[in-house]
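# Examining the three-dimensional arrangement
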Amino acid sequence: MGLGRPVLVSQNCVIMLCQLASAIQQQTKCTIEEARQRCWFVDSKGLLSSSRSDKLEAHKKPFAHDVNSLIQGAAVTAAAPPSLLESVKLLKPTALVGVSAQGGAFTEEVCKEMARNCEHPLILPLSNPTSKAECVPRDAYTWTNGKCVLFSGSPFDAVTLPDGRSFLP
């Protein structure tokens, strides 16, 4: 999620994405290109794809995938790329990394879908200040019934769920 326009954010995202692909390569013994193919990104207009009707900015093009086979039979088209929720349903990711500064982008539906797809989804609302965080820890822990592993880019207080479990983001 993310790949926003500011140069600093874009450079940091590229570094992070290269590190992520390298970690996938090392863990799975695949090629770096195969590792990159396992990383998908959503911007404010939806899933990054090479067939999107809007013009992708240059820094986003290396991370765009051909999604035609993925979206066959789904209620999405290249003209209307999958939203974040639709992308989570289609791709069944194990992690969401938020660097978009779009407060609230990780909605209840998105977090619940992540928890359906993965026993312990990794949810990283890294944007700050807190008003720009993609979700707040209390919501993510509540919506996933405490199943998510959460790291935040902003300071948040500890969360205690009704069943007494406590989490420190």
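Above this text is the structure in question.
Here the structure is a predicted model, which is why all the values come from computation and not from measurement. (Residues numbered from 1 in each chain as written. Predicted model: local features only at pLDDT ≥ 70, side-chain atom pairs only at ≥ 80, totals over all residues. Heavy atoms only, no water.)

## Concerning the side chain of S49
Along the chain, the position of S49 falls in the loop between β2 (46-47) and α3 (68-71). With near-sequence residues (within four places) excluded, S49 lies in contact with L56, A64, H65 and V67. (Helix = DSSP H or I, 4+ residues; strand = E, 2+ residues; numbered from the N terminus. Contact = heavy atoms within 4.5 Å.)

## Re the environment of G153
Tracing the backbone shows G153 in the loop between β5 (149-150) and β6 (159-160). Expressed as a C-alpha distance, the spacing of G153 and P169, which sit 16 residues apart in the sequence, is 9.4 Å. Once residues within four sequence positions are removed from consideration, G153 is found in contact with P125, L126 and N128.

## Some words on the packing of helix α4 (residues 84-91) against helix α5 (residues 108-117)
As a packed pair, α4 and α5 sit with axes 9 Å apart at the nearest point and diverge in direction by 5°. As judged from the angle between their axes, α4 and α5 are roughly parallel. In this structure, α4 contributes L84, L85, V88 and K89 to the contact, and α5 contributes E109, V110, E113, M114 and N117. (Axes fitted to C-alpha atoms, helices over the stretch in contact; angles between N-to-C directions. Parallel < 35°, antiparallel > 145°, perpendicular 65-115°, else oblique.)

## Observations concerning the nonpolar core
Ranked by size, the top nonpolar core spans 20 residues in total, and within it L84, L96, F106, I123 and Y141 carry the most contacts. Those elements that place two or more of their residues in this core are α4, α5 and α6 (137-143). Per-element tally for this core: the top contributor is α5, with three residues. The next biggest cluster of nonpolar side chains, apart from the first, holds eleven residues, and it includes L17, A21, A35 and F63. (Core = buried A, V, L, I, M, F, W, Y, C linked by side-chain atoms within 4.5 Å. Buried < 20%, exposed > 50% of the residue type's maximum accessible area, 1.4 Å probe, protein only.)

## Some details on α5
Side chains of residues three or four places apart in an α-helix project in the same direction, reflecting 3.6 residues per turn. Looking at α5, one finds that the buried residues are V110, C111, E113, M114 and A115. Tucked into the core, α5 has its buried residues touching α4, β3 (95-98), β4 (122-125) and α6.

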